[in-house]
Amino acid sequence: MKIILVAEYRDGKLLASFNELMDFADKMGGENVMFLVGGDNDLPKYDGKLYLADAGTFGEYSPDVHKQLILDIVEKEQADMVAFCHSSYGWDLAPRVAFALKAAQVSEIVEIVDGVPVVPVCNAKLRRDVQIKTKRSVVTLQAGAFGLPEEPAGTPTIEKVEGDLAGRVQFTGYEQPESGGVDLGKARIVVSAGRGIGKPENVEMIANLAQALGGEYGASRPVVDSEWVEHNRQVGTTGQTVAPKLYVACGISGAIQHLAGMKKSEFIVAVNTDKDAPIGEAADVLVVADLKEFVPLLTEKIQSL
Amino acid sequence: MKILVCIKRVPDMESKFKVDADGTWYEKTDLAWRMNEYDEYAVEQAVQLKEQEEDSDLTVLCIGGDQVKETMKKALAMGCDRGAHIADDNSSSKEPFEIAGIIAEYAKDKSFDLVFTGMQSQDRGSAQVGILVAELLDIPGIATIVDFVYSGGEVKVKRELEGGVKACVTVKAPLVVTCQLGLNTPRYPTLPNIMKAKKKELLSLPVEDLLKVDSRQETAKIYFPEKKGGGLILEGDAPELVDKLIQILKEKTAVLA
């Protein structure tokens, strides 16, 4: 088994997720090499062969070009598998590589059990063991599902990738998120509202609990997308990452993108009507209750302490 | 301008799921069904484009049993012009490459200028179909867009990346885009439009005519994840739950000190 690990680079920086690919490779066994469209300035601490394509030449987002570079390396290395992160980069690139290789693509692997990839179904309520029927395969790894326990400390052997390729799409630049507002990362306590709060008027109830606890309130993505809460309070992959002393998730089902933004909190309380909601897996305490009844009562009681 | 939007009918994710008799998918009875959330954004964007461009024609495509026509009617009521129903009672066992193969086979000789899909389905969640369709049709495909502007054959999109950063991309039609949450606010179909949708063309085509690729993977089994145990579950009356939780917070954390 030989795996090509596809690391990511954005806005001139290597993304730390290369270490998740390395842990996956360790768990799979066999050989591996790494591929990066990046730069000399920020190299993965990887003890192995790194195919390095210059981001200045090949572009940070240029799917046709990145696909071709990977295909050339698969051919050269006679690789059996190409591994990506299940990220905005992987979603866009992995299916192209799978298509060209006539390979099955297994998306969002959460673990490997006896060599069998396991993936989530229905918002992680169920899991699926996948059987691959092709000789080669492409996989994407769920964010945070893999990761080395310690910072890797290796130095790669670099093989520069050269070439003259052109793609059909033109990347014109990044747009940074609106800054300012609330830094939830610094809050000691965060109380977050999820879709389960039902209507925008109920945000106040969540904010009141946060205030009674001396913390800040946040929200999950659907609440922000519905414009019930401003984006600078969003917790999760596309929002802020928080690690407070106490995190209270109100009416949040626990999509992986949300969990990734709060699972390092010291103590997690979830309030949900659904006992089987995936948030229960991350929570220290799951209170099965109707928010509209429970949250105001809790707020009142805390204020009276 | 010819536009295609591909949608899927999925269960409400808050449903109580059960494993089916084969142990390879969830049991489809006793579930509430709806249009895949990401596809609602795709339909809305496709309808907006249709309204913007004169003389355009918008087809909504959906693969599945007869039940999916109900979901297609919502898309028609939102503003799609016609429906292409790919009749397939076994669509849930088809893997993303087969689904993409069916869509591409349908679309290949129809010269669509724009193809919209959701970035993933809420149930299978493989996030592959849209990009595979683009590869099969040999046109550009861009995943996970949160902003879309079309003008004179040129498309400007923003892709959502991690941490709230967006990548701005320009590309020429024809192309496929996969739609991410937050792209727009999907409209609610109005009653007159629901009535009008009943008269719109909704053709069923047998999947056998369009499935020309072989499956590359299958589900060995589906199951509930093992509960990792850790968490304490509190149930009961609200006042009692409040007291219990406060007790726990006092014991386990310093936040009430």
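Residues numbered from 1 in each chain as written. Chains lettered and ligands numbered in written order. Predicted model: local features only at pLDDT ≥ 70, side-chain atom pairs only at ≥ 80, totals over all residues. Heavy atoms only, no water.

**What to know about the overall build of chain B**
Move 1: A tally of regular secondary structure across chain B gives six helices and 13 strands.
Move 2: Dimensions of chain B, computed from C-alpha atoms along their principal axes, come out at roughly 65 × 45 × 40 Å.
Move 3: The 257 residues of chain B split such that 56% are buried.
Move 4: If you take every contact in chain B between residues at least 6 apart in sequence, the share linking residues at least 24 apart comes to 70%. (Helix = DSSP H or I, 4+ residues; strand = E, 2+ residues; numbered from the N terminus. Buried < 20%, exposed > 50% of the residue type's maximum accessible area, 1.4 Å probe, protein only. Contact = heavy atoms within 4.5 Å.)

**Remarks on the overall build of chain A**
Move 1: Secondary structure assignment for chain A yields nine helices and 18 strands.
Move 2: Summarising its shape, the C-alpha atoms of chain A cover approximately 70 × 40 × 35 Å along the three principal directions.
Move 3: When each of the 305 residues of chain A is scored for burial, the buried share is 58%.
Move 4: Sequence-distant contacts in chain A: of pairs separated by 6 or more residues, those separated by 24 or more amount to 62%.
Move 5: About 12,400 Å² of surface is accessible on chain A, with carbon and sulfur atoms providing 46% of the total. (Areas by Shrake-Rupley, 256 points an atom, 1.4 Å probe, with all protein chains shown as cover.)

**What to know about the domain arrangement of chain A**
Residue and element names in this part refer to chain A.
Move 1: On domain assignment, one finds that chain A holds domain 1 (2–161) and domain 2 (184–303).
Move 2: Once you take the C-alpha centre of each, domain 1 and domain 2 turn out to be 33 Å apart.
Move 3: Each side of the interface is counted separately: domain 1 has six residues, and domain 2 has seven residues.
Move 4: Between domain 1 and domain 2 the total buried area reaches about 510 Å² when both faces are included, carbon and sulfur atoms providing 51% of it.
Move 5: The largest per-residue losses of area from domain 1 upon contact with domain 2 belong to N123, K125 and A143, which jointly make up 63% of the total buried on that side.
Move 6: In this assembly, domain 1 and domain 2 are joined by one salt bridge.
Move 7: The shortest N-O distance in the salt bridge between K125 and D274 comes to 3.1 Å.
Move 8: Grouping the amino acids of the side of domain 1 that touches domain 2 by side-chain chemistry returns one nonpolar, three polar and two charged. (Domains from an automatic or database assignment. Buried area = accessible area lost by both parts, 1.4 Å probe. Salt bridge = Lys/Arg side-chain N within 4 Å of Asp/Glu carboxyl O. Nonpolar A, V, L, I, M, F, W, Y, C, P; charged D, E, K, R; others polar.)

**Focus: the sheet that holds strand 15 (residues 216–219) of chain A**
Move 1: Read across the open sheet, the six strands follow the order 15(A)-14(A)-16(A)-17(A)-18(A)-13(B); overall the sheet is parallel. On the outer flanks of this sheet lie strand 15 of chain A together with strand 13 (232–235) of chain B, each paired with one strand and no other. On average, each strand axis in the sheet is tilted by 20° relative to the strand beside it, whichever way the strands run.
Move 2: Looking at chain direction, strand 16 (residues 246–250) of chain A and strand 17 (residues 267–272) of chain A are connected through five bridges and run parallel. (Pairing = 2+ DSSP bridges. Axes fitted to C-alpha atoms, helices over the stretch in contact; angles between N-to-C directions.)

**Overview of the interface of chain A and chain B**
Move 1: Of the residues lining the interface, 78 residues belong to chain A; the matching set on chain B comes to 81 residues.
Move 2: Roughly 7,100 Å² of surface becomes buried between chain A and chain B when both sides are summed, with 56% attributable to carbon and sulfur atoms.
Move 3: Our count for the contact surface shared by chain A and chain B stands at 13 salt bridges.
Move 4: Broken down by element, the residue count for the side of chain A that touches chain B peaks at eight residues, all from helix 4 (residues 88–101) of chain A.
Move 5: Among the residues forming the side of chain A that touches chain B, the class breakdown is 37 nonpolar, 16 polar and 25 charged.
Move 6: By the bridge criterion, six bridges tie strand 10 (residues 126–132) of chain A to strand 12 (residues 217–223) of chain B in an arrangement that is antiparallel. By the bridge assignment, A:Q131 is partnered in strand 12 of chain B with B:E218.

**Quick notes on the side chain of B:E95**
Residues and elements named next belong to chain B.
Move 1: Examined against the element boundaries, E95 turns out to sit in the loop between strand 5 (82–87) and helix 3 (96–107).
Move 2: One buried charged residue, E95, forms no salt bridge at all, with the nearest opposite charge on R216 at 5.5 Å.
Move 3: Polar side-chain contacts of E95 include one of 2.6 Å to the backbone nitrogen of R216. (Lys, Arg positive; Asp, Glu negative; His and termini not counted. Polar contact = N/O pair within 3.5 Å; in protein donor to acceptor, adjacent residues only side chain to side chain.)

**Some thoughts on the nonpolar core**
Move 1: A:F35 and A:V82 are the most contacted members of the largest nonpolar core, which totals 54 residues.
Move 2: Once residues lying within four places of it in the same chain are set aside, the contact partners of A:V82 are A:I4, A:V6, A:I70, A:V74, A:V97, A:L101, A:S137, A:V138 and A:V139.
Move 3: Among the nonpolar cores identified, the runner-up in size contains 43 residues, and B:L49, B:A75, B:V155 and B:V177 belong to it. (Core = buried A, V, L, I, M, F, W, Y, C linked by side-chain atoms within 4.5 Å.)

**Here we look at the packing of aromatic side chains**
Aromatic ring pairs are defined here through the distance separating the ring centres and the angle between the ring planes.
Move 1: A complete count under the given rule lists seven aromatic pairs over all chains for this structure.
Move 2: Centroid distance A:F24 to A:F146: 5.4 Å. Interplanar angle 85°. Geometry classified as edge-to-face. With a gap of 122 residues between them, A:F24 in helix 1 (residues 18–28) and A:F146 in the loop between strand 11 (137–141) and strand 12 (157–161) connect regions that are remote in the sequence.
Move 3: Judged by its relative accessible area of 5%, A:F146 is buried.
Move 4: An aromatic cluster of three or more residues is present, and its members are B:F17, B:W25, B:Y26 and B:W33.
Move 5: Taking the ring centre of B:Y106 as reference, the NZ or CZ of B:K110 above it sits at 3.9 Å. (Phe/Tyr/Trp six-rings, centres within 6.5 Å; stacked < 30°, edge-to-face > 60°. Lys NZ or Arg CZ within 6 Å of the ring centre and 35° of its normal.)

**Observations concerning helix 4 of chain A**
Residue and element names in this part refer to chain A.
Move 1: Taking 1.5 Å per residue, 14 residues should reach 20 Å; helix 4 reaches 21 Å between its end C-alpha atoms and fits that length.
Move 2: If you look at helix 4, its biggest bend is around 25°, right at A94, and the proline P95 turns up within four residues after that.
Move 3: Across the 14 residues of helix 4, twelve count as buried, placing the element largely inside the fold.
Move 4: Of the positions making up helix 4, those classed as buried are S88, Y89, G90, W91, D92, L93, A94, P95, R96, V97, A98 and L101.
Move 5: Looking one or two residues past helix 4, K102 carries a phi angle of roughly 55°, positive in sign. (Expected span 1.5 Å × (residues − 1). Bend = angle between axes of the 7 residues up to and from the residue.)

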